[in-house]
Amino acid sequence: MKIHEYQAKDIFAKYGIPINAGYICHSVEDAISAYDRMDNDLVVVKAQVLTGGRGKAGGVKLAKDTIEMRNHAATILGMDIKGYIVDRILLAKAEDIEAEYYVSFVIDRNTKSTLLMLSKEGGVDIEEVARQTPEKIHKIAIDPTIGMPDYLARQAGFLLFDDIKQVRQAASIFQKLYKLFLETDASLAEINPLILTPDKKVIAIDAKMTFDDNALYRQEKIKALFEPTEEEKKEQKAKSKGFSYVHLGGEIGCMVNGAGLAMTTMDMIKLYGGNPANFLDIGGSSNPTKVIEAMKLLLSDKDVRVVLINIFGGITRCDDVANGLLQAFDQIETDIPIVIRLTGTNEAEGRALLKGTKFHTAETMGEATRMAVELANY
Ligand code: GDP
Ligand code: MN
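Per chain, residues are indexed from 1 in the order of the written sequence. Chain letters and ligand numbers both follow the written order, the letters beginning at A and the numbers at 1. The predicted nature of this model means local features are confined to residues of pLDDT at least 70 and side-chain atom pairs, given and counted, to a pLDDT of 80 or more, with totals for whole chains, interfaces and linings taken over all residues. Side-chain metrics in this entry use all non-hydrogen atoms of the structure; hydrogen atoms and water are not considered.

K.L.:
Which residues make up the overall build of the protein chain, and what values go with them?
P.N.:
Scanning the protein chain for helices and strands turns up 13 helices and 18 strands. Its C-alpha atoms give the protein chain principal-axis dimensions of about 80 × 50 × 40 Å. By the burial criterion, 49% of the 378 residues in the protein chain qualify as buried. Contacts: residue pairs with any heavy atoms within 4.5 Å of one another. Considering only intrachain contacts with a sequence separation of at least 6, the fraction spanning at least 24 residues in the protein chain is 68%. With 46 positive and 54 negative side-chain charges, the protein chain shows a spacing of 2 Å between the two charge centroids. Secondary structure follows DSSP: runs of H or I at least 4 residues long count as helices, runs of E at least 2 residues long count as strands, and numbering of each begins at the N terminus. Any residue under 20% of the maximum accessible area for its type is buried, any over 50% is exposed, and the rest in between are partly exposed; the area is computed with a 1.4 Å probe on protein chains only. Charge assignment in this entry is limited to Lys and Arg as positive and Asp and Glu as negative, and neither His nor the chain termini are counted. Lys charges are placed at NZ, Arg charges at CZ, Asp charges at CG and Glu charges at CD.

K.L.:
Please provide a residue-by-residue account of the pairing of strand β8 (residues 113-119), values included.
P.N.:
Of all 7 residues in β8, 7 are buried, a share of seventy percent or more. Sheet topology note: the strand β7 (residues 99-108)/β8 ladder contains 7 bridges and is antiparallel. From the neighbouring strand, D108 faces β8, where its bridge partner is S113. One bridge is not enough; two strands pair if DSSP finds at least two bridges between them. Following β7, the chain reverses through 4 residues before pairing antiparallel with β8; K112 in that reversal takes a positive phi of roughly 55°. In this sheet, strand β9 (residues 137-142) lies alongside β8 in antiparallel orientation, the contact comprising 6 bridges. Bridged to M117 within β9 is K139.

K.L.:
Hey, could you go over the sheet that holds strand β3 (residues 60-63) for me, with residue numbers and the actual values?
P.N.:
Backbone hydrogen bonds are what pair the strands of a sheet, in a parallel or an antiparallel way. Taken together, 4 strands build an open sheet; the order of strands is β1-β6-β2-β3 and the sheet is antiparallel. Strands with a single pairing partner mark the edges of an open sheet, and in this sheet they are β1 (22-25) and β3. Strand-to-strand twist in this sheet, taken as the mean axis angle between neighbours without regard to direction, amounts to 20°. Pairing geometry for strand β2 (residues 43-47) and strand β6 (residues 89-93), over 5 bridges, is antiparallel. When the bridges of β6 are listed, V45 appears paired with L91. Simply put, an axis is a line fit to the C-alpha atoms, just over the touching stretch for a helix, and the angle between two N-to-C directions goes from 0 to 180 degrees. This element, helix α1 (residues 5-14), spans β1, β2 and β6 of the sheet and lies at about 45° to β6. Across the sheet, helix α2 (residues 28-37) lies against β1, β2 and β6, angled at about 165° from β1, the strand it touches most.

K.L.:
How would you sum up helix α13 (residues 365-375)? Please name residues and give values.
P.N.:
Among the residues of α13, those classed as buried are M365, G366, A368, T369, A372 and V373. Seen along its axis, α13 keeps its buried residues to an arc of 165°; they face one direction. For α13, the elements touching its buried residues are β14 (252-256), α9 (259-271), β16 (306-313), β17 (338-344) and β18 (360-362). N377 sits one or two positions beyond α13 and adopts a positive phi of about 55°. Along the arc lie the directions from the helix axis toward the C-beta atoms.

K.L.:
Any chance you could break down the coordination of the manganese ion (ligand 2) for me, citing the residues and the numbers?
P.N.:
Coordination partners: N, O, S within 2.8 Å of the metal, 3.2 Å for Na, K and Ca; water not considered, so apparent gaps in a site are possible. Ligation of the manganese ion (ligand 2) by protein atoms is provided by N192 (O) and D206 (OD), these donors lying 2.1 Å from the ion. Here N192, found in strand β10 (residues 186-196), pairs with D206, found in the loop between β11 (202-204) and β12 (208-211); they are 14 residues apart in sequence, far enough to count as distant. Since its relative accessible area comes to 12%, N192 is described here as buried.

K.L.:
Account for unusual backbone geometry, naming residues and giving values.
P.N.:
A cis amide bond links N192 to the next residue, P193, at an omega of 10°. With a phi angle near 55°, D185 is a residue other than glycine that sits in the positive phi range. Topologically, D185 is positioned in the loop between α6 (164-183) and β10. One non-glycine residue, N377, adopts positive backbone phi at about 55°. On the secondary structure map, N377 appears in the segment after α13.

K.L.:
Account for the state of the cysteines, with residues named and values stated.
P.N.:
Any covalent bond linking the sulfur atoms of two cysteines counts as a disulfide. When two cysteine sulfur atoms lie within 2.5 Å, the pair is treated as a disulfide. Tallied over the full model, the rule gives 0 disulfides. Take C318: it sits in no disulfide, and the sulfur closest to it among the cysteines is that of C254, at 18 Å.

K.L.:
For the packing of aromatic side chains, give the residues involved together with the corresponding values.
P.N.:
Geometry of aromatic contacts follows a simple scheme: Phe, Tyr and Trp rings, the Trp one being its six-membered ring, pair when their centres are within 6.5 Å, and the pair is stacked under 30 degrees between planes, edge-to-face over 60, tilted otherwise. Under the defined criterion, the tally for this structure stands at 4 aromatic pairs. With a centroid separation of 6.0 Å and an interplanar angle of 40°, the aromatic rings of F105 and F181 are classed as tilted. With F105 in strand β7 and F181 in helix α6, this pair connects stretches of sequence that are 76 residues apart. Note on accessibility: F105 and F181 belong to one class, buried. Ring plane angle 75° and centroid distance 5.0 Å describe the contact between F329 and F359, whose orientation is recorded as edge-to-face. Taken as a pair, F329 in helix α11 (residues 318-330) and F359 in the loop between α12 (347-354) and β18 lie far apart in primary sequence, 30 residues in all. We classify F329 as buried; its relative accessible area is 8%. By relative accessible area, which is 8% here, F359 ends up buried.

Here it is, written out as structure tokens:
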């Protein structure tokens with residue numbers, strides 16, 4: 001689960017990490033009255049959306065007076081940033097920047113530990129730095145029995161700063177960030193950028209946090225901040241219909257019976273060079289209404305270019321499934337190619353029923369997946 005920058009900054013402030021404080025505003029009027037309450041003229045107007053790269057998208061702007069601030073607030077409110085509509089902005093004190101750094105704690109599955117990641121190349125897109133110049137990102141694996149003692153925090157601080165005064169400020173920030181990372185069951189706590197001001201103060205001017213969904217049951221306060229995205233709402237709706245659905249963002253929509261088979265199907269798509277649009281387990285059923293609902297769910301995803309239906313007939317018979325599919329597709333209009341692989345009980349009968357229809361049929365999973373990837377035209 002993600003939270004907004006202003007919410008993450010609230011948590012940072014509680015743990016004593018220096019931030020540039022501000023006001024959250026839902027309208028231009030809100031922003032004007034907040035601006036009047038601030039004692040410095042130079043402010044930064046920041047879109048609050050649950051995605052990164054706001055700066056690049058024009059969602060972070062500096063203003064030096066009411067008129068500029070009002071204009072920026074008006075432009076940014078309502079803006080579409082990667083599909084997220086901005087409904088609130090953070091109006092914060094603008095800081096002077098001498099240098100920008102990257103700092104994060106993240107759960108790393110490769111080292112099976114928490115990593116402290118640091119870079120002098122802050123402010124910019126860190127994924128890009130990782131790709132182009134990975135040597136510029138320092139990674140320190142944290143031993144959970146040792147944590148972040150002073151010596152380690154200072155050692156980390158020296159990777160970013162030369163002056164001991166700044167190293168001390170940074171070390172204290174790392175320790176606080178690690179503490180809050182642990183105590184909130186976060187999977188990511190990121191500061192990008194952590195800045196050095198001309199008067200040599202080290203401050204977090206951005207804050208990003210992601211939490212482990214499986215720990216939310218013991219994080220009441222964080223759970224209360226949950227704002228489902230359109231995709232998450234869709235997942236919840238799918239759940240209420242008895243499906244287990246996860247949006248993945250690729251182009252090949254998958255409809256599969258059984259979670260294990262669904263996972264394997266996604267692996268196979270990847271293996272043949274495609275990208276699954278979703279995980280969808282429709283359970284053990286050939287019920288046409290269920291197929292229609294599942295199909296509607298898949299087709300509501302605008303990125304889907306091909307649908308791959310992979311059914312294993314165990315107790316469910318393949319001919320029943322084929323009949324269910326035919327009935328369902330009588331009611332669904334779509335130009336999207338549909339690949340069907342049926343195997344198991346009565347598979348020959350099932351395939352015979354689909355012969356001569358608009359469906360692309362396959363016997364093996366490999367054949368079906370290759371077909372789907374080909375039809376997706378990568
Ligand atoms: P992001 O693009 O979504 O990560 O948003 P950030 O909060 O990181 O802001 C993007 C960039 O805007 C930063 O890297 C800074 O260069 C700039 N910026 C943000 N806040 C301030 C500020 O208070 N003062 C100045 N001078 N620049 C800022
Ligand atoms: Mn940032």
